[in-house]
Amino acid sequence: MSIVILRVAAALYAGATAAYIVYFARPRHARLATAGAALLTAAFVVHAIAIGLGCSEFGGAEFFSLRGGLVLMVWLAAGAYLLLLRFYHLPTLGAFITPFILVVLVPALFGSPGHPELPPDAVRHPSLTLHIVSAVLGVALFGIAFGAAIMYLLQEREVKGKRFGALFSRLPSLDALDRMVQRLVRAGFVVYTVALVAGTITATAVWKSAWSWDPQQIVSMVVWILYGALVQLRHSGWHGRRYALLTLVGFVLVLGSMVSLRVVPGVTRHTGDYGTNAPAGGAQ
Amino acid sequence: MSGREIFLVGLSHKSAPIEVRERVALSGEALKAALGELKGMDGVREALVISTCNRVEVFVQAGGEEPARRFFTARVAAAADHLYVKSGVDAIRHLFRVSASLESMVVGEQQILGQVKEAYGLASAAQAAGAYFSRLCNRAFATAKRVRTETEIGRGASSMSQVAVELVEKIFGDLKGRTILLAGAGKMGALSAKALAVLGADRILVTNRSPERGLALAEQVNGNFRAWDELQRLLAEADVVIVSTGAPTHVLTREMLAKAMKTRRHRSICLIDLAVPRNVDPACADLDDVFGYDVDDLEKVVEATHEARRGEALRAEAIVEAEVLAFAKERETRAALPILAQLRRRAEEIARAEAERTLAQVGAKLDEKGRRSIEAMAQAIVNKLLHAPTARLKEAASSGDGALAGAAAELFGIEGESPRAEPRGDAPAAAPRAAAPERT
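Here the structure is a predicted model, which means the values were calculated and not measured.

## Examining the confidence of the model for chain B
All names here are of chain B. For chain B, the mean per-residue pLDDT works out to 84, and 92% of the residues sit at or above 70. Taken element by element, the predicted model of chain B shows its lowest mean pLDDT in helix 15 (residues 418-421) (39) and its highest in helix 4 (residues 89-99) (94). Confidence drops under a pLDDT of 50 for residues 416-440, and excluding neighbours within four residues, the segment shows 28 contacts in the predicted structure. Note on the complex model: pTM 0.68, ipTM 0.77.

Here is the structure:
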């Protein structure tokens, strides 16, 4: 059932994407931006229902797979963008976020979740939910920062290259984009820090050690340090082009590790039997 | 004669030098007084004066152009050689074109519509503009709005200062809390600095080799003067640097900028080089977060805008032409209406009288239905008889042929009664004060 609702949400996401892209091409039609936001809000709500149904159908098991994680991530990204819209006038950002949501979501529509198994009870520590949600939200915020950074680099190319074409007039000012990237990186870093703390608590409880050189732990630590550095570098005058480039690198690392560590079985104890040596298991 | 038409007498940047324009231009109370004077002149029914720095134009609805011409010649004799005169549809077209910014020095600029609206507001307040100009101006404004939304004539930056403003806006968003540095006392530099004020720059620094000119410029742009030796340090402070010195070499070098960027902690800086030969080493723009532009870059954008606007102007012309024709046609149809109304009234009076006479004779022998039939028959005869003349008159009026209306008036013998037409509240006939075209 939840997969059907999810498909409805995907259709709404597609509508929002179309509205935002056409708005980007024809910015004089301001109503398109409003329509995009409305469709995205509808998609967000329907998606929430799909997630709720998924939880009652599978007891939350689907969020332990890559598919479930990505679906949760785009939902949070959509929510974060809608929240952002309340404070900043950034309709053009929608044209950069929504296609990304769609691309991540579409594969999840066809691979049926089947009946995912819940991880062993031993892993299901109280801090686990917080760990998962904050990690995914952190990545979602890094994802929006990635979109804003791409906008920055495109606009910088226009401004610096003296090409005053369509992009030049449609994209916001460099300063606004730069500050947006910075805010998103900062917010993402805070949330991601929460995820690492919650993860450490879970690991200490389940694996009896906070740090076990698990590849996921190592990559997460690298990502955390990178974004932490980005937050710090701001104070020593880093901004603009270099900042945007680092933001891109950071997100590629996050998404790349997220996917690769789950596609290759048995690399990390974040999959399979979650390092509990339970009799059942194997890679999903 | 009692037939009144619209006349335009004016001068603009195309016909008169600034020395003449500034002498005839009026504003505020003086303009109001002049409007009152115009209105008071013999034969002037309504008047409108558009007075901007690029054009002074007097529109009157009157028996002739003379009152409008006197507006200029009575005050400035020299204006007589620069005046142009238009009447009727040509005058209407001119007003539409001016409002739509097709007559402007910079085609597509947005201010003129506001100025025409202001002119109408003033004429209206001075009771110089009445029903006719109200309709005319409203149509002109609607046309201008159509042109603005349906074409891209107002898009793009049309002057170097405007390009500079647009660039700076795309880099910094606004200039609140930021600093502009004017290096050199060139005239273009001062203009650009003033243009940038719209972005909210609150701090303007001026530096120049000769302190005298620098100080004068600082006063002119409301800025602070700094010594020329401080240039390197000023680069660390300023976010937008406008360079226009007379120096034949690079005043800002790559080394200076590289050093300044370190002190600035790589906050973006925008260099606008308005000097020829160039004062800013083009290699500066290779540095990260340094955005450099020279006169050529700005000029190219201006040229592209003008190119685009020329194309759009053709589309705008078509819109204006269609609206002018629609307006003129509507006017002429309206002008024919009083005659038609009188014709019909006269015919109906006769029909009613004849029906009553017949009924008085034979009415007693008829039942209610029979009496109705006689009334209806009389009415039907009137309708059938007037159908063709009505259609022909409307057609002739809308194609601009006033002769037929005059002939009809004469033929049906309603000419002498025309003054009685106005007080009658005969629907649309009451509104147009441009009385029926008639022969005297």
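## Things to note about the pairing of strand 9 (residues 269-273) of chain B
Residues and elements named next belong to chain B. Strand 9 sits mainly inside the fold: 5 of its 5 residues count as buried. As judged from the 4 bridges shared by strand 8 (residues 240-243) and strand 9, these two strands associate in the parallel manner. Pairing of I242 across the sheet is with I272, part of strand 9. Chirality of the crossover, the property in question, places the unit of strand 8, helix 11 (residues 254-263) and strand 9 among those that are right-handed. With 5 bridges joining them, strand 9 and strand 10 (residues 290-294) adopt parallel strand pairing. Pairing of I272 across the sheet is with Y293, part of strand 10.

## So, the packing of aromatic side chains
Evaluated as defined, the whole model comprises 13 aromatic pairs over all chains. The interplanar angle of 40° and the centroid separation of 5.0 Å between the aromatic rings of F146(A) and F251(A) together place this pair among those described as tilted. Taken together, the residues span a long stretch of sequence, with F146(A) in helix 5 (residues 127-160) and F251(A) in helix 9 (residues 240-263) at a distance of 105 residues. Judged by centre distance (6.3 Å) and plane angle (70°), the ring pair of Y120(B) and F141(B) falls under edge-to-face. With Y120(B) in helix 5 (residues 111-125) and F141(B) in helix 6 (residues 131-150), this pair connects stretches of sequence that are 21 residues apart. Judged by relative accessible area, Y120(B) falls into the buried class, the value being 15%. Classification of F141(B) as buried rests on a relative accessible area of 11%. Of the aromatic side chains, those joined through ring pairs into one cluster are F96(B), Y132(B), F133(B) and F327(B).

## Quick notes on the sheet that holds strand 7 (residues 224-226) of chain B
Residue and element names in this part refer to chain B. Taken together, 6 strands build an open sheet; the order of strands is 7-6-5-8-9-10 and the sheet is parallel. A strand with exactly one partner marks an edge of an open sheet, and here the two such strands are strand 7 and strand 10. Averaged over all neighbouring strand pairs, the angle between strand axes comes to 20°, with direction disregarded. In the sheet, strand 5 (residues 179-183) pairs with strand 8 via 4 bridges, with the strands oriented parallel. Bridging from a neighbouring strand, L181 pairs with V241 of strand 8.

## Concerning unusual backbone geometry
Look at the link from V276(B) to P277(B): it is a cis peptide, with omega at -5°. Within the chain, N222(B) stands out as a residue other than glycine whose phi angle is a positive 65°.

## Some words on helix 3 (residues 66-73) of chain B
Residues and elements named next belong to chain B. Among all positions of helix 3, only P67, A68, F71 and F72 are buried. Looking straight down helix 3, one finds its buried side chains confined to an arc of 150°; they lie on one side. Looking at the buried positions of helix 3, the neighbouring elements they touch are strand 1 (5-12), helix 1 (18-24), helix 2 (28-40), strand 2 (46-51) and strand 3 (55-62).

## Observations concerning the pattern of salt bridges
All names here are of chain B. Considering all chains together, one arrives at 32 salt bridges over all chains under this definition. Between R226 and E230 there is a salt bridge whose closest N-O contact spans 3.9 Å. One salt bridge in this structure joins R278 and D294, with 2.7 Å as the shortest N-O distance. Of this pair, R278 sits in the loop between strand 9 and strand 10 while D294 sits in strand 10, placing them 16 residues apart in sequence. A relative accessible area of 11% places D294 in the buried class. The structure contains a network of salt bridges with shared partners spanning R139, R146, E150, E323 and E330.

## Some remarks on the interface of chain A and chain B
It is common to report an interface's size as the accessible area lost on association of the parts. Contacts between chain A and chain B engage 22 residues on the former and 27 residues on the latter. In total, chain A and chain B occlude about 1900 Å² of area from one another, counting both sides; carbon and sulfur atoms represent 49% of this. Among the residues chain A hides against chain B, the three largest losses belong to R28(A), K160(A) and H239(A). Together they make up 28% of the total. Summed over the shared surface of chain A and chain B, the result is 2 salt bridges. As a salt-bridge pair, K162(A) and D297(B) come within 3.0 Å of each other at their nearest N and O atoms. Counting the contacts that link chain A with chain B gives 12 residue pairs in polar contact (both at pLDDT 80 or more). Secondary structure elements with two or more residues in the side of chain A that touches chain B: helix 5, helix 6 (166-170), helix 7 (174-206) and helix 9 of chain A. Across the side of chain A that touches chain B, the residue classes break down as 7 nonpolar, 8 polar and 7 charged.

What counts as what
Residues numbered from 1 in each chain as written. Chains lettered and ligands numbered in written order. Predicted model: local features only at pLDDT ≥ 70, side-chain atom pairs only at ≥ 80, totals over all residues. Heavy atoms only, no water. pLDDT = per-residue confidence, 0-100. Helix = DSSP H or I, 4+ residues; strand = E, 2+ residues; numbered from the N terminus. Contact = heavy atoms within 4.5 Å. Buried < 20%, exposed > 50% of the residue type's maximum accessible area, 1.4 Å probe, protein only. Pairing = 2+ DSSP bridges. Right-handed = clockwise from strand over helix to strand, strands pointing away. Phe/Tyr/Trp six-rings, centres within 6.5 Å; stacked < 30°, edge-to-face > 60°. Axes fitted to C-alpha atoms, helices over the stretch in contact; angles between N-to-C directions. Arc of directions from axis to C-beta. Salt bridge = Lys/Arg side-chain N within 4 Å of Asp/Glu carboxyl O. Buried area = accessible area lost by both parts, 1.4 Å probe. Polar contact = N/O pair within 3.5 Å; in protein donor to acceptor, adjacent residues only side chain to side chain. Nonpolar A, V, L, I, M, F, W, Y, C, P; charged D, E, K, R; others polar.

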